[in-house]
Each structure stands twice: as C-alpha cells, then as structure tokens.
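Topology and contacts: notes
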Amino acid sequence: MCDSELNLPCLRQVNGPIVVVLNRRRNVVGRAPHADVVLSDSLVSRFHAVIEQMGRHWTIADLGSRNGSYLNGMRLAGLTRIRAGDEIVIGATRLVLHCDTSPEDVVATDATEAAPPLTPREREVVLALLRPASRTDAFVEAATTAEIATTLGLTTAAVHQHLARLYDKFGIVGAGAWRRTRLANEALRRGAVTFAELRSSDRREVDR
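Now for a look at the structure at hand.

How each quantity is defined
- Residues numbered from 1 in each chain as written.
- Predicted model: local features only at pLDDT ≥ 70, side-chain atom pairs only at ≥ 80, totals over all residues.
- Heavy atoms only, no water.
- Helix = DSSP H or I, 4+ residues; strand = E, 2+ residues; numbered from the N terminus.
- Buried < 20%, exposed > 50% of the residue type's maximum accessible area, 1.4 Å probe, protein only.
- Contact = heavy atoms within 4.5 Å.
- Areas by Shrake-Rupley, 256 points an atom, 1.4 Å probe, with all protein chains shown as cover.
- Expected span 1.5 Å × (residues − 1).
- Core = buried A, V, L, I, M, F, W, Y, C linked by side-chain atoms within 4.5 Å.

**Notes on the overall build of the chain**
Across its full length, the chain holds six helices and 11 strands. For the chain, with 208 residues in total, the buried portion stands at 46%. Considering only residue pairs separated by 6 or more positions, the chain has 47% of its internal contacts joining residues 24 or more positions apart. As presented, the chain carries roughly 10700 Å² of accessible surface, and 50% of it is formed by carbon and sulfur atoms.

Below you can see the structure in the form of structure tokens.
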C-alpha cells in the first residue's frame, strides 16, 4: 500500500529505503537536491527523468540523461506509459511503481484543462511538432526545431520564437529539448489538436 488515504501510486526502491508517493502530476527524478524524487546515485544526472500524469495514465520520459533510463529492461526512447508493477532503472537505482488500484483509476474524476487559444501559425507549429506521432496514436518524441522549420518553410529562429510563445501559453517551464515533447503532449492532452488533424496534415505534406 502506498497511501491508503489518498490512494496515490508511489515509487519503491528495490531492496532499498526509498518510498516516494507521487502526489504531483509531474515528478522530476534526479540527483539535484530540488528534484521531486532525489536519488543519491553518482550514475544519475541532476535532472534525469520525469514521471508524469497524462490524463488517466502515468508516463515516464528520459530528460536527455548521460546514462539513459530503462523500463522493464528496455532503454526509453520517448514518452512511455507505465503501469503498476513496472520496474524503472535510473542509474544504478531500481524502482518499482506500486498502487493499490490501477493508475488509470487514480485521477478518473479530474477535469482536463482547456487548451489556450492559438493563432493559425501556432497551430501549424504544433502540428509540425507532433508530426512523428501522426502514424502511431501514441506519445512520442516531438519533432526537432530544424524539422519544424523544414516542414513549414520557416527559419529556425522563427520556430524558436513561436515555440517560446507556445511554452508560455501552455505553462511549460524549464529548459532543454524535453520541453518540446512536454508541449506536444500537453497540446494533445488538452485538445489543442487531435490525431485526426495530425493524419490530415501529414497526408497534405505527402501529397505536395
């Protein structure tokens, strides 16, 4: 049992002392003292991975760490859904997700925050950002700034400006390439764009 009152999932270190209740939507794991889950492990980066609630599910993503993050023995290559009983390896630390009920049930009554209004160009940038997901119906790594620029015929500087405004609109804080993936998933989760729009946009690019 992780928290019988709040019925929240938690991380437990395998054969170790760490037990962390996931009472935030977004939990950064790392060696930095102000990370949400602090690991005293020399193989762990300061900001190594993020475990995050996405709608009714929990996900994990590596934050570009030096040694990578592993889920059930497989190295993470993008944002990945996790379930109770999954084993996460970060550095030399092995963690297991525990929950009295399935993680999907924990936030079943939460309302999804509405998407902010977007300009036509901002919508194009979001669609280009999400283009890698157009054939998978899954959370994946977002397109790079250079890829977005090529898709839309913009300069990388212009793309950076549009992304900066989108980060502000969606409340994406911090630094690093992971922000693009966070923005992409927020746009999907909050309904700013849909998978149907992604497929339609992708077909138009192929037909050009």
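**Looking at helix α5 (residues 178–189)**
Here α5 contains 12 residues, and its C-alpha end-to-end distance of 16 Å stays within 8% of the 16 Å for a straight helix at 1.5 Å per residue. Most of α5 is tucked away, with 10 of its 12 residues classed as buried. Phi turns positive one or two residues past the end of α5, at G191, with a value near 80°.

**What about the nonpolar core?**
Counting residues in hydrophobic clusters, the biggest one holds 25 residues, and the most contacted among them are L130, I148, L166, F170 and L183. Mapped onto this core, the elements with two or more residues apiece are α2 (120–129), α3 (145–152), α4 (156–170) and α5. Aside from chain neighbours lying at most four places away, what touches I148 is V125, A128, L129, A143 and V159.

**Comments concerning the environment of G30**
Mapping G30 onto the fold places it in strand β3 (residues 26–30). Overall, G30 belongs to the buried group, its relative accessible area being 0%. In contact with G30, other than residues within four places in its own chain, are A35, V37, V38, L39, V44, S45, R46, F47 and H48.

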